[in-house]
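Chain by chain, the residues run as shown.
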Amino acid sequence: MTFTEYQALALRTASKLHADPRLELAIFALGLCGEAAEFRAALVNDCSSEEAFVEAGDVLWYTAVLAHRAGLYGDFIEAASGDVFDYDKDDTLPQSDAIGDAQNVQDSACMVAEHIKKHVGHGKPLDKDFLTARLSFLLSALAFACPGSLGLAAIENIEKLKKRYPDGFKTA
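Residues numbered from 1 in each chain as written. Predicted model: local features only at pLDDT ≥ 70, side-chain atom pairs only at ≥ 80, totals over all residues. Heavy atoms only, no water.

**Some words on helix H1 (residues 3–10)**
So, step 1. Every buried residue of H1 is accounted for by Phe3, Tyr6, Gln7 and Ala10. Angular distribution of buried residues about the axis of H1 spans 100 degrees; they occupy a single face of the element. (Buried < 20%, exposed > 50% of the residue type's maximum accessible area, 1.4 Å probe, protein only. Helix = DSSP H or I, 4+ residues; strand = E, 2+ residues; numbered from the N terminus. Arc of directions from axis to C-beta.)

So, in structure tokens, the structure goes:
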């Protein structure tokens, strides 16, 4: 699976949350920050690698949907981040490296949220080059920190969402 393919599947469960697309972008940026923090906490607090793996899938979902809402489609992100879904890492990396990479995921999520805050709250233009660079770096760091294959985390995340929302996500 590529990021482009994942993004298309993730969008199936991303409903329109707000009539104002800028506020919707802010909501997804906050979600990305929250999931990035949960991912890092799962690694730092020595929770099960399964929990961190599930959280990695949630970070992927918010990254894919946020990128789409910002007008960045999978091919832009893939071009900048490389083939992170097929990264076959050596699972012997020390825990401290994974925690450092998880911190990079969280830092990147916060930098994206800060940029979107300036766009939504202060009327600054949305810098797609900045967002592409930050989200691509986030994905690369996530691939290094993820306890397992990021591609497998993507597949399992989509399977979880298909079970939870068989007809796609809809708000009342």
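Let us keep going from here.
**Considerations on the nonpolar core**
So, step 1. Ranked by size, the top nonpolar core spans 47 residues in total, and within it Tyr6, Phe39, Trp61, Leu66, Leu135 and Leu142 carry the most contacts.
So, step 2. By residue number, the principal contributor to this core is helix H3 (residues 49–69), which donates 10 residues.
So, step 3. When sequence neighbours within four positions are dropped, the list of residues in contact with Leu135 reads Leu32, Thr63, Leu66, Ala67, Leu72, Ile77 and Val112. (Core = buried A, V, L, I, M, F, W, Y, C linked by side-chain atoms within 4.5 Å. Contact = heavy atoms within 4.5 Å.)

**A closer look at a negative patch on the surface**
So, step 1. A contiguous patch of negative charge, built from Glu38, Glu50, Glu51 and Glu156, is present on the exposed surface.
So, step 2. Within the secondary structure layout, Glu50 lies in helix H3.
So, step 3. What makes Glu50 exposed here is its relative accessible area of 60%. (Patch = residues over 30% accessible without salt bridge, like charges linked within 9 Å, V, L, I, M, F, W, Y side chains within 5 Å. Areas by Shrake-Rupley, 256 points an atom, 1.4 Å probe, with all protein chains shown as cover. Salt bridge = Lys/Arg side-chain N within 4 Å of Asp/Glu carboxyl O. Lys, Arg positive; Asp, Glu negative; His and termini not counted. Charge placed at Lys NZ, Arg CZ, Asp CG, Glu CD.)

**Section: the environment of Leu72**
So, step 1. By the element assignment, Leu72 lies in the loop between H3 and helix H4 (74–81).
So, step 2. By relative accessible area, Leu72 is classed as buried at 3%.
So, step 3. For the pair formed by Leu72 and Asp129, sequence separation is 57 residues and the distance between their alpha carbons is 9.4 Å.
So, step 4. With sequence-adjacent residues up to four places away left out, Leu72 is seen in contact with Gln7, Ala67, Ile77, Lys128, Leu131, Thr132 and Leu135.

**Side note on the pattern of salt bridges**
So, step 1. Applying the stated rule across the entire model yields five salt bridges.
So, step 2. Here Glu114 makes a salt bridge to Lys117, at a shortest N to O gap of 3.1 Å. A residue pair is termed a helical-turn pair when its members lie 3 or 4 positions apart in one helix, as Glu114 and Lys117 do in helix H5 (residues 95–122) at three residues.
So, step 3. Close ionic contact of Glu114 with Lys118 constitutes a salt bridge, the shortest N to O distance being 3.9 Å. Within this pair, Glu114 and its partner Lys118 are both found in helix H5, separated by four residues, close to a single helical turn.

**Notes on the packing of helix H2 (residues 21–44) against H3**
So, step 1. Remark: H2 packs on H3, axes separated minimally by 8 Å, with the N-to-C direction vectors making an angle of 160 degrees. Viewed along their axes, H2 and H3 adopt a mutual orientation that is roughly antiparallel. Note that H2 runs across H3; the crossing there is left-handed. Contact residues: Glu24, Leu25, Phe28, Ala29, Gly31, Leu32, Glu35, Ala36, Glu38, Phe39, Ala42 and Leu43 in H2; Glu51, Ala52, Glu55, Ala56, Asp58, Val59, Trp61, Tyr62, Thr63, Val65, Leu66 and Arg69 in H3.
So, step 2. Here the residues of the contact of H2 with H3 sort into 15 nonpolar, two polar and seven charged. (Axes fitted to C-alpha atoms, helices over the stretch in contact; angles between N-to-C directions. Parallel < 35°, antiparallel > 145°, perpendicular 65-115°, else oblique. Left-handed = near helix turned anticlockwise from the far one by under 90°. Nonpolar A, V, L, I, M, F, W, Y, C, P; charged D, E, K, R; others polar.)

**Regarding the side chain of Ser108**
So, step 1. Along the polypeptide, Ser108 turns up in helix H5.
So, step 2. The class of Ser108 is buried, set by a relative accessible area of 0%.
So, step 3. With residues near it in sequence (within four places) discarded, Ser108 still touches Arg134, Phe137 and Leu138.

**Brief notes about the packing of aromatic side chains**
So, step 1. This model, assessed by the stated rule, comprises three aromatic pairs.
So, step 2. Both rings, one in Phe28 and one in Trp61, keep their centres 6.0 Å apart while their planes meet at 55 degrees; by these two values the pair is tilted. Placement of the pair is Phe28 in helix H2 and Trp61 in helix H3, with a sequence separation of 33 residues. Of the two residues, Phe28 and Trp61, neither departs from the other in class, the shared state being buried.
So, step 3. Measuring from ring centre to ring centre gives 4.8 Å for Trp61 and Tyr62, while their planes differ by 85 degrees; the resulting arrangement is edge-to-face.
So, step 4. By way of ring pairs, the aromatic residues Phe28, Trp61 and Tyr62 are connected into one cluster. (Phe/Tyr/Trp six-rings, centres within 6.5 Å; stacked < 30°, edge-to-face > 60°.)

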